[in-house]
Amino acid sequence: MALPLLPGNNFNRNMGKEKFHKSQHWGFCNNVRMLVGEDKPGIGGELLFGQKIKPKYSVFPKGMGTDSPSWVAFDKQVLSFDAYLEDEVPDKSQENYRIRRYKIYFYLEDDTVEVNEPVLQNSGLPQGIFIRRHRISLPPPNEDQFYTVHHFNVNTDIVFYGRTFKVYDCDAFTKNFLTKIGVKLNPPGQCPEDPYMKTRREKLDCMEPICPYESFDTLKQFLEYDRKVLRFFCVWDDSGSVFGDRRELILHYFLSDDTIEIKEVLPHNSGRDAMSLFLQRRKLPKYGPPGVYQPGQLTDRTVLNVYGGYSETRVYGFLLDKYQLGKLDQEFYKDTDLSIGTTINVWGRKVLLCDCDDFTKTYYRTKYGIENFTSIPCKAPSPPKIERKFPPYTGFGSEEDSLRSCIGLMPTPHQRNFKKFIEFDSYGNISNTLRFFAKLITHKCADVERMFVISYFLSDDTISVFEPIERNSGYTGGMFLKRVRVKKPGQEVFKSEFSEYIKAEELYVGAKVNVNGYLFFLVNADEYTLNYMERNSDKFPLSSIELVIQKLKEEECKSRELKQVFTAADCMHTKMVDFNTFREIMMNLTVGKLTDQEVITIARRYRVPEDPCPHRNVLVAQAHEQLKKNAFENFERLIAMCVYEDREKKKVLPSKDIKRLCKSSRLPLNEDLLGSLLSGFEDSEKQINYESFFCALNWRVNPVPVLEVASYIKERCEDEWLGMPSPIPVKYIYYLNLLKDVFGVDE
């Protein structure tokens, strides 16, 4: 009989020594796990009963689990391995074995192992937790030991309770951890495919769904009317209710699926919440609101289950209800129910259709032959608008800035017309700037001969005046007026309305412009300005050739006199006169009815071309110069492409085909030069011998002399103004063509 556990009664039968019970606990000291208590492990330096001091050095990487217990250092750290098991199937002819995949989890905190089998759909096997989490002993003859982290590796076999799991891979964390602790990882393997699952997958891929025998297809309607929407403008008069008013709505009818969407048009400061939709897109019942139906009552098809009996060959299937017993019919609005003046029921609200857009009118006119689309006014009469008066301009800053300070408590900067600025801003070769050559009208003799260039910028309606620098003139020249908007003269300064500024339509050759007190006479304009005014003749009527010809036809009584004057001026019978003579004749005979701008418009219409079409050798020389600069020598490839295009082997191709081949090969010639070259080489049938054309362009094989720059003669230099347009718009005018078009005078 053992003695009770009292001091002095603790007798060890195996050792034959008395040991007193002493409190003790485990701890860590210098990375060594040992019992700690007093300075000595026992009384007299002897070990206590059952006490063994064995240092347990850490086998983990440095910095992991060394300063704290393992269950703290490796908390929530798990090694994951992918494994599979070959399970024999002896009683089934379809398969002899089955491949089952598993996940093996090794918990580092307490060396426990858990095996989990992922769930496979319709496998018929119990899956999930295969081995619950616990410490697993090694197979015999080492059953007194347990699995540790060093027993796991890739491409190895692990035996758990007689079942052999083949580990073929692991995750990235596991690979990193095993590498750090010094485990040499094997290369990952492959998991074999289950033959039964492979056969089953192939069978499922070959199966086709059973198509219903009742046709209910809206694809044709969708493809025909997709993105086609009818739009009606309607109104809901709710003024009869408390706090009600007239609500303007827009109804969208989608032809692709016969659904309706309604949006509300909210005026500014209406006090209502801005809702995205008044009615969501759906089919709108005619007699609403309908009753509440159970789920499945309103369906397009009724499906019946087919009972196959208890036989082994029974077939499961479904059948559509042919007689549609118990089907609930519900009428919805169609496109035939919508028309101007019709009142529709929108879930108890009476909405009147007042108008529709152009597409809707075209749709009803084409499909139903409706022609009457008289709209109904849907807007209520607006209340009288109170005119807001602003104080007059103070003189500080611009008029726009002063007005902005009167509109709100927090003044904001004036917003200029950004759309106009983007549209008429200069880009590339298009300057969108009108330049006029002007003289200063003054009584000072020293300022009479001064010349100026007035530039009008279309992007923001500003004007700048520049005086060209002329040597020994006594004036410095340069910027005379910086770019700014110029007010018209004679306006009151301090007023509530905006001032009027000079517009582009008021500038033309022969006009007098008052720029801040300086009076300028517009003498001429540059080529871009004249072309712009002729293209926009609706804004510049003096540049409209039709209106000028019509004005000349009013002077038909002077046709004989006009013919005699032109004949006397043309003593050489060349049928043309110079511009100064032409202007003098027209001004004298019309007695000031024509302005200089109109005379220039006529002269530009009937002018003699100054530069005739250059010779072909000149064009080839210009082309050689450009080809040399770009080092283009790929002429053999161009000829080969032409030979390929020449199916009939005639050695000629149309001019447009050769132009297309030149552009596709990136021939470094500009559009005008290439067009002139093609025109020079083509025959009467617009055909070009491509071999002779490209041989002429080959500057290596057929070089031509370099062109010499022609120096201007003295008379022409008098007509050239550096930095300014020429005082003479054209050189010579065909007066006979003018007389034919205006008076019908024969030669």
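Structure's up top.
Residues numbered from 1 in each chain as written. Predicted model: local features only at pLDDT ≥ 70, side-chain atom pairs only at ≥ 80, totals over all residues. Heavy atoms only, no water.

**As for the overall build of the protein chain**
- If you tally the helices and strands in the protein chain, you get 19 helices and 26 strands.
- Counting only residues that meet the buried cut, the protein chain has 31% of its 747 residues in that class.
- Element-wise, carbon and sulfur atoms account for 53% of the exposed surface of the protein chain, whose accessible area totals about 50,800 Å². (Helix = DSSP H or I, 4+ residues; strand = E, 2+ residues; numbered from the N terminus. Buried < 20%, exposed > 50% of the residue type's maximum accessible area, 1.4 Å probe, protein only. Areas by Shrake-Rupley, 256 points an atom, 1.4 Å probe, with all protein chains shown as cover.)

**Description of the side chain of Asp357**
- With respect to the helices and strands, Asp357 occurs in the loop between β16 (349–356) and α5 (358–367).
- When residues no more than four places from it in sequence are discounted, the contact partners of Asp357 are Arg231 and Phe233. (Contact = heavy atoms within 4.5 Å.)

**So, the packing of aromatic side chains**
- Overall, the coordinates contain 29 aromatic pairs when judged by the stated rule.
- With a centroid separation of 5.6 Å and 45° between ring planes, the pair formed by Phe160 and Phe165 is classed as tilted. The pair Phe160 / Phe165 is uniform in exposure class, with both members buried.
- Seen from their ring centres, Phe232 and Tyr364 are 6.2 Å apart, and the 65° between their planes marks the pair as edge-to-face. Placement of the pair is Phe232 in strand β9 (residues 229–237) and Tyr364 in helix α5, with a sequence separation of 132 residues. (Phe/Tyr/Trp six-rings, centres within 6.5 Å; stacked < 30°, edge-to-face > 60°.)

**Comments concerning helix α16 (residues 671–681)**
- Listed in full, the buried residues belonging to α16 are Leu673, Leu674, Leu677, Leu678 and Phe681. In an axial view of α16, the angular spread of the buried residues amounts to 130°, which keeps them on one side of the axis.
- The inward-facing, buried residues of α16 contact α13 (616–630), α15 (655–664), β25 (687–689) and α17 (690–697). (Arc of directions from axis to C-beta.)

**Observations concerning the sheet that holds strand β20 (residues 478–484)**
- Judged by pairing direction, the sheet is antiparallel, and its six strands sit side by side in the order β20-β19-β18-β17-β22-β21 without closing on themselves. Either end of the sheet is taken by a strand with one partner, and the two such strands are β20 and β21 (512–515). For this sheet, the mean angle separating the axes of adjacent strands, direction not counted, is 30°.
- Summarising the sheet, strand β18 (residues 451–457) and strand β19 (residues 462–467) pair through five bridges and their orientation is antiparallel. Across the sheet, Tyr456 pairs through a bridge with Ile463, a residue of β19.
- Running over the sheet, helix α8 (residues 527–535) touches β17 (433–440) and β22 (518–525) and is turned about 115° from β17. (Pairing = 2+ DSSP bridges. Axes fitted to C-alpha atoms, helices over the stretch in contact; angles between N-to-C directions.)

**Notes on empty space enclosed by the protein**
- Tallied over the full model, the rule gives two cavities of 30 Å³ or more.
- Considered as a void within the structure, the largest cavity measures approximately 60 Å³ in volume.
- The wall of the largest cavity is formed by Leu552, Glu555, Lys558, Leu562, Met586, Leu589, Thr590 and Phe743.
- Ranked by the residues each element gives to the lining of the largest cavity, the list is headed by helix α11 (residues 579–590), at three residues.
- Volume-wise, the second largest cavity comes out at about 30 Å³.
- Along the walls of the second largest cavity sit Lys551, Leu552, Glu555, Thr590, Lys593 and Leu594, which together make up its complete lining.
- Grouping the constituent residues of the lining of the second largest cavity by class yields two nonpolar, one polar and three charged. (1 Å grid on protein atoms, 1.4 Å probe; cavity = no way out; pocket = protein on both sides within 12 Å on 5 of 7 lines; lining within 4 Å. Points joined across faces, edges and corners; volume = space filled by probe spheres on them. Nonpolar A, V, L, I, M, F, W, Y, C, P; charged D, E, K, R; others polar.)

**Some thoughts on a nonpolar patch on the surface**
- Together, Leu219, Phe222 and Leu223 make up an exposed nonpolar region whose accessible area comes to about 310 Å².
- Looking at the element boundaries, Leu219 is found in helix α4 (residues 219–225).
- Assessed through its relative accessible area of 46%, Leu219 is described here as partly exposed. (Patch = residues over 30% accessible without salt bridge, like charges linked within 9 Å, V, L, I, M, F, W, Y side chains within 5 Å. Salt bridge = Lys/Arg side-chain N within 4 Å of Asp/Glu carboxyl O.)

**What to know about the sheet that holds strand β10 (residues 246–254)**
- Taken together, six strands build an open sheet; the order of strands is β12-β11-β10-β9-β16-β15 and the sheet is antiparallel. Each edge of the open sheet is held by one strand with a lone partner, namely β12 (279–282) and β15 (343–346). When strand polarity is set aside, the average angle formed by the axes of neighbouring strands in this sheet is 35°.
- Across six bridges, the pairing between β10 and strand β11 (residues 259–264) is antiparallel. Within β11, the position partnered with Leu251 by the bridge is Ile262.
- Sheet contacts for α5: β9 and β16; angle to β9, the most-contacted strand, approximately 110°.

**Details of the pattern of salt bridges**
- Considering all chains together, one arrives at 38 salt bridges under this definition.
- With its nearest N and O atoms 2.6 Å apart, the salt bridge here joins Lys103 to Asp82. Of this pair, Lys103 sits in strand β4 (residues 97–107) while Asp82 sits in strand β3 (residues 78–88); the two residues are 21 residues apart in sequence, bridging distant segments of the chain.
- Judged by relative accessible area, which is 27%, Lys103 ranks as partly exposed.
- Residue Asp257 pairs with Arg281 through a salt bridge whose shortest N-O separation is 3.1 Å. Separated by 24 residues along the polypeptide, Asp257 in the loop between β10 and β11 and Arg281 in strand β12 bring together distant segments of the chain.
- Taking the relative accessible area as the measure of exposure, Arg281 reaches 40% and is therefore partly exposed.
- Salt bridges linked by common partners bring Asp87, Arg100 and Glu117 together as one network.

**Considerations on the packing of helix α14 (residues 635–645) against α15**
- It is the contact of α14 with α15, at a shortest axis distance of 11 Å, that shows an interaxial angle of 140°. With respect to each other, α14 and α15 are oriented oblique. As for how α14 packs across α15, the hand of that crossing is right-handed. Residues Leu638, Met641, Cys642 and Glu645 of α14 touch α15, and the partners they reach there are Arg660, Leu661 and Ser664.
- Across the contact of α14 with α15, the residue classes break down as four nonpolar, one polar and two charged. (Parallel < 35°, antiparallel > 145°, perpendicular 65-115°, else oblique. Left-handed = near helix turned anticlockwise from the far one by under 90°.)

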